[in-house]
Amino acid sequence: MSIARRSTRPPAATRSARRPRLLIAGEFSAGKTRLINGLLGGAVLPSNVTATHLPPVWLVGGGSARMAVDLSGEARAIEALDGIDVAETHHCVLSHHADCLARFDLIDTPGSSDPNMTAESWERMLPLADAVVWCTNATQAWRQSEKAVWQDMPEALRANATLLVTHADRLPDRRAADRVLRRVQREAGPFFMHILLASLIEPEDLARIGDHLGRLAEGLDALPGRADRLTAELAAQPVARPHGSEAAPVAPPRRVAPAETARPTRPVRPGRSNVVRLPLAPSGDRPADLRALWSAMIEDIDRTDATAVLACAERLIDSLETGERLPGATARPEPAATEPRPVTAAREEE
Ligand SMILES: Nc1nc2c(ncn2[C@@H]2O[C@H](COP(=O)(O)OP(=O)(O)OP(=O)(O)O)[C@@H](O)[C@H]2O)c(=O)[nH]1
Ligand SMILES: [Mg+2]
């Protein structure tokens, strides 16, 4: 996105009475909380190897207040998230000074597949969301159970949905990463506008995800509903940098009006998801062979037919991975060079 284009748009906050709300969801241990902590730049929320038992947490820009809203809508200040009664708490609200929260709110949710949490405990936040980021672990990406959950997702929320394939660093090499992406694109592509592969332990990947979410939030033109009173109050509190661990201000319990629901208006475009594809590295002395092979492959293809050209590219990639000889090839392509860590690189979003 060019600077010129960006400067013609007013920031989201001035276009709407509230900030866009991005809901982070997925099965347990998929990396939802790690993603949020990465975007915030610190361990703001507890993130564990085992399932974390917390109610949904709504993060807004601002100072460093912490509130819990119970099932009847009563809000009270809390010192920490530890010890929160999950059964009695509808959600918590935390304010934090991270830059990204000036552009959008983030809502962390319990794992959809966590046997100790009801599905309702995360689904209750869906009506508040403007867009969903669904996290899935690359080592077992997009399981049937996830597909089943996603098929019940409100139609409106699919419009701007992002599938974030996490744990890219756990895949053995670039070929494995590319294979995962292709399968995910094939099986989940119709449900998502964007698909990203990332390692949430890599700052570069987190920065790219942050950029992506910033653009996504900026693209949500009309945000239905007004600001939620509690989150708006917290967001308005003075920012205390960098004392993120300050004790929360004590406030008497009070009832808060339920937040108005959000409903993105853009239509779903099945099969149009943008994929972050790993660049293949045809290294060494093979570019000339590859070019000849590519030329032979697309000789009879209508180059204005994007689907046909993409199918050709897929075949070429497959042949590089497997070493299979393709018709028209003068040389047998070697499998693509592998690298120690497969990470997102090229963004094909713009
Ligand atoms: N190596 C690696 N570890 C990750 C990645 N993403 C998350 N983790 C780790 O995986 C574990 C689970 O991550 P969480 O962020 O707590 O997962 P979650 O989806 O919030 O889990 P629940 O809240 O229990 O549903 C933690 O130990 C994270 O540090 C990743 O991309 N790479
Ligand atoms: Mg979590």
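These lines cover the structure that appears in this document, whether it is placed above or below. Since this is a predicted model, take the numbers as computed values, not measurements.

### Section: the packing of helix H3 (residues 32–40) against helix H8 (residues 203–219)
Phase 1: In the contact formed by H3 and H8, the axes pass within 10 Å of each other and the chain directions differ by 90°. Considering their axes alone, H3 and H8 lie roughly perpendicular with respect to each other. Residues Leu35, Gly38 and Leu39 of H3 form the contact with H8, whose participating residues are Leu206, Ile209, Gly210 and Leu213.
Phase 2: The residue makeup of the contact of H3 with H8, split by class, is five nonpolar, two polar and no charged.

### Examining the environment of aspartate 114
Phase 1: Along the chain, aspartate 114 falls in the loop between strand S6 (105–108) and helix H4 (120–123).
Phase 2: The exposure class of aspartate 114 is buried, given its relative accessible area of 2%.
Phase 3: Separated by 85 residues in the primary sequence, aspartate 114 and serine 29 have C-alpha atoms spaced 9.1 Å apart.

### Points about unusual backbone geometry
Phase 1: Despite not being glycine, tryptophan 142 shows a phi value in the positive range, around 50°.
Phase 2: Tracing the backbone shows tryptophan 142 in the loop between strand S7 (131–137) and helix H5 (144–151).
Phase 3: Given a relative accessible area of 3%, tryptophan 142 falls into the buried group.
Phase 4: One non-glycine residue, histidine 167, lies in positive phi territory at about 60°.
Phase 5: Relative to the helices and strands, histidine 167 resides in the loop between strand S8 (162–166) and helix H7 (174–188).

### Some remarks on the side chain of serine 121
Phase 1: Structurally, serine 121 is set in helix H4.
Phase 2: Its relative accessible area of 5% is what places serine 121 among the buried residues.
Phase 3: Within the local environment of serine 121, its side chain forms a polar contact with the backbone oxygen of threonine 118, the two atoms lying 2.6 Å apart.
Phase 4: Setting aside chain neighbours within four positions, we find serine 121 in contact with Pro56 and Pro110.

### Notes on the pairing of S8
Each regular strand displays side chains that alternate between the two surfaces of the sheet.
Phase 1: Counting buried positions along S8 yields five of five residues, so the element is predominantly enclosed.
Phase 2: Here S8 shows two buried faces, one formed by Thr162, Leu164 and Thr166 and the other by Leu163 and Val165.
Phase 3: Relative to S8, S7 runs parallel, the two being bridged by five bridges. What sits directly across from threonine 136, in S8, is valine 165.
Phase 4: Two elements, S8 and strand S9 (residues 194–197), share four bridges in a ladder whose sense is parallel. Bridge pairing in S9 links leucine 163 to isoleucine 195.
Phase 5: Once the chain exits S8 it traverses H7 before rejoining the sheet at S9, and the crossover so formed is right-handed.

### Regarding the pattern of salt bridges
Phase 1: Following the criterion strictly, the structure yields seven salt bridges and no others.
Phase 2: In this structure, the salt-bridge partner of arginine 124 is glutamate 120, at a minimum N-O distance of 3.0 Å.
Phase 3: The exposure class assigned to arginine 124 is buried, which follows from its relative accessible area of 14%.
Phase 4: Residue classification places glutamate 120 among the partly exposed residues on the basis of a relative accessible area of 42%.
Phase 5: A salt bridge links aspartate 205 to arginine 208; the nearest nitrogen and oxygen atoms lie 3.5 Å apart. Residue aspartate 205 and its partner arginine 208 are located together in helix H8, separated by three residues, close to a single helical turn.
Phase 6: Under the relative-accessibility criterion, aspartate 205 is labelled buried at 1%.

How each quantity is defined
- Residues numbered from 1 in each chain as written.
- Chains lettered and ligands numbered in written order.
- Predicted model: local features only at pLDDT ≥ 70, side-chain atom pairs only at ≥ 80, totals over all residues.
- Heavy atoms only, no water.
- Axes fitted to C-alpha atoms, helices over the stretch in contact; angles between N-to-C directions.
- Helix = DSSP H or I, 4+ residues; strand = E, 2+ residues; numbered from the N terminus.
- Parallel < 35°, antiparallel > 145°, perpendicular 65-115°, else oblique.
- Contact = heavy atoms within 4.5 Å.
- Nonpolar A, V, L, I, M, F, W, Y, C, P; charged D, E, K, R; others polar.
- Buried < 20%, exposed > 50% of the residue type's maximum accessible area, 1.4 Å probe, protein only.
- Polar contact = N/O pair within 3.5 Å; in protein donor to acceptor, adjacent residues only side chain to side chain.
- Pairing = 2+ DSSP bridges.
- Right-handed = clockwise from strand over helix to strand, strands pointing away.
- Salt bridge = Lys/Arg side-chain N within 4 Å of Asp/Glu carboxyl O.

This is a description of form; function is not addressed.
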